[in-house]
Amino acid sequence: MRYIGWALPILAVLEVLSIILVSNLIGGGWTLLIILLSIICGIFMLRNIGVSGLFLAMATIRTGNNVSLYQLLWPVRYIFASIMLISPGFVSDIFAALLLLPISGKPLTGTTQSFSRSTQPEQGDIIEGEYTVETDNEQTAHSGTQSNLPHK
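Quick caveat: nothing in here was measured; it's all calculated off a predicted structure. (Residues numbered from 1 in each chain as written. Predicted model: local features only at pLDDT ≥ 70, side-chain atom pairs only at ≥ 80, totals over all residues. Heavy atoms only, no water.)

J.: Please clarify how the overall build of the chain should be interpreted in this entry.
T.: Regarding its fold elements, the chain presents seven helices and two strands. Along the chain, helices and strands appear, N-terminal first, in the series α-α-α-α-α-α-α-β-β. Across the 152 residues in the chain, those meeting the buried criterion constitute 20%. When contacts within the chain are restricted to residue pairs at least 6 apart in sequence, long-range pairs at least 24 apart make up 57% of them. Surface summary for the chain: the accessible area is close to 11900 Å², and the carbon and sulfur share equals 66%. (Helix = DSSP H or I, 4+ residues; strand = E, 2+ residues; numbered from the N terminus. Buried < 20%, exposed > 50% of the residue type's maximum accessible area, 1.4 Å probe, protein only. Contact = heavy atoms within 4.5 Å. Areas by Shrake-Rupley, 256 points an atom, 1.4 Å probe, with all protein chains shown as cover.)

Pasting the structure below:
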C-alpha cells in the first residue's frame, strides 16, 4: 500500500510525457482528437457495463463449469479499463488495452465446487418428462412425472 503513494505521481508524470511526445509526433489537434475519442469510449464502456457486470460475475459463479479466475474477474477488469480510458493520456490507454485482452487462465477446479450448486437431485425432487418403454413386440410412449425416490 505504501507504493501507491509513489505510483500515482509517477503515472501522472508518464501521462503528461506521453501526451507531449504524441503531440510532437502527430500534432496537437490529432492528439486532442484521440484523447477525446478514448474518453468517449471509456464513458460508453462504463455506461454499458453498469450493474450488468455484477450480474455477469454472479452468473459466472453460479454456472460453476470450470471457471477461470480471469473470467471471474472480467467485469472488474472491464470497469477498471473503462476508468483508465476516461483518464487523459496514453499510458493509461495502453494499460486499459492490456486489461481488455481476452486472457484465459487455468480453471478453478477445486473452488468452483463450493460456488456452484449441486447438480444431483435431492431426495424428494420430482423430474418431469417423457420416456418410451420398448419391449420385444411393442413400443409404448408415456408422459408425466416420475419421482426419483427408490422403488420397493
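Picking up after the structure, the text goes on.
J.: Sorry if this is basic, but what is going on with the side chain of S38 here?
T.: Looking at the element boundaries, S38 is found in helix α2 (residues 28–49). A polar contact is formed between the side chain of S38 and the backbone oxygen of I35, at a distance of 2.9 Å. Excluding anything up to four places from it in sequence, S38 contacts L85, I86 and D93. (Polar contact = N/O pair within 3.5 Å; in protein donor to acceptor, adjacent residues only side chain to side chain.)

J.: What is the right way to look at the packing of helix α1 (residues 4–26) against helix α6 (residues 91–99) in this model?
T.: The geometry of a pair of packed helices is captured by two quantities: the angle between their axes and the separation between those axes. Relative to each other, α1 and α6 sit at 105°, their axes nearing to 8 Å. Between α1 and α6, the angle falls in the class roughly perpendicular. In contact with L11, L14, E15 and S18 of α1, α6 contributes V91, S92 and F95. (Axes fitted to C-alpha atoms, helices over the stretch in contact; angles between N-to-C directions. Parallel < 35°, antiparallel > 145°, perpendicular 65-115°, else oblique.)

J.: For this particular structure, what's the right way to read the nonpolar core?
T.: Across soluble globular proteins, you tend to see nonpolar side chains buried next to one another. Formed by M45, I49, Y78, A81, M84, L85 and A96, the largest nonpolar core amounts to seven residues. Residue contributions to this core peak at four residues, all from helix α5 (residues 74–86). Not counting residues up to four positions away in its chain, the partners in contact with M45 are Y78, S82, L85 and L100. (Core = buried A, V, L, I, M, F, W, Y, C linked by side-chain atoms within 4.5 Å.)

J.: Explanation requested: the packing of α2 against α5 in the structure shown.
T.: As a packed pair, α2 and α5 sit with axes 7 Å apart at the nearest point and diverge in direction by 150°. Taken together, the axis directions place α2 and α5 in an arrangement best described as roughly antiparallel. Read as a crossing pair, α2 and α5 show a hand that is left-handed. Each of S38, I39, G42, I43, M45, L46, N48 and I49 in α2 lies in contact with α5, whose residues at this interface are Y78, I79, S82, I83, L85 and I86. (Left-handed = near helix turned anticlockwise from the far one by under 90°.)

J.: Which parts of the structure should I look at to understand α1?
T.: Along an α-helix, residues three or four positions apart point the same way, because every turn accommodates 3.6 residues. The end-to-end C-alpha separation of α1 is 32 Å, in line with the 33 Å expected for 23 residues at 1.5 Å each. Positive backbone phi, approximately 105°, marks G27, located one or two places after α1. (Expected span 1.5 Å × (residues − 1).)

J.: Please explain the confidence of the model for the chain as it appears in this structure.
T.: Interpreting fine coordinate detail is not advised for predicted regions of low pLDDT. Per-residue pLDDT for the chain averages 76, and the proportion of residues at 70 or more is 64%. Across residues 111–118 the pLDDT falls below 50, and counting only partners more than four positions away or on other chains, this stretch makes seven contacts in the model. (pLDDT = per-residue confidence, 0-100.)

J.: I tried to follow the environment of L36 on my own but got confused; where do I start?
T.: With respect to the helices and strands, L36 occurs in helix α2. Residue class for L36 comes out partly exposed when judged on its relative accessible area of 43%.

J.: Whenever I open this one, the side chain of D93 confuses me. Can you help?
T.: As for its placement among the helices and strands, D93 is situated in helix α6. Nearest to the buried, unbridged D93 among oppositely charged side chains is R77, at 16 Å. D93 has contacts with S38, M84, L85 and S87, leaving out every residue within four places of it along the chain. (Lys, Arg positive; Asp, Glu negative; His and termini not counted. Salt bridge = Lys/Arg side-chain N within 4 Å of Asp/Glu carboxyl O.)

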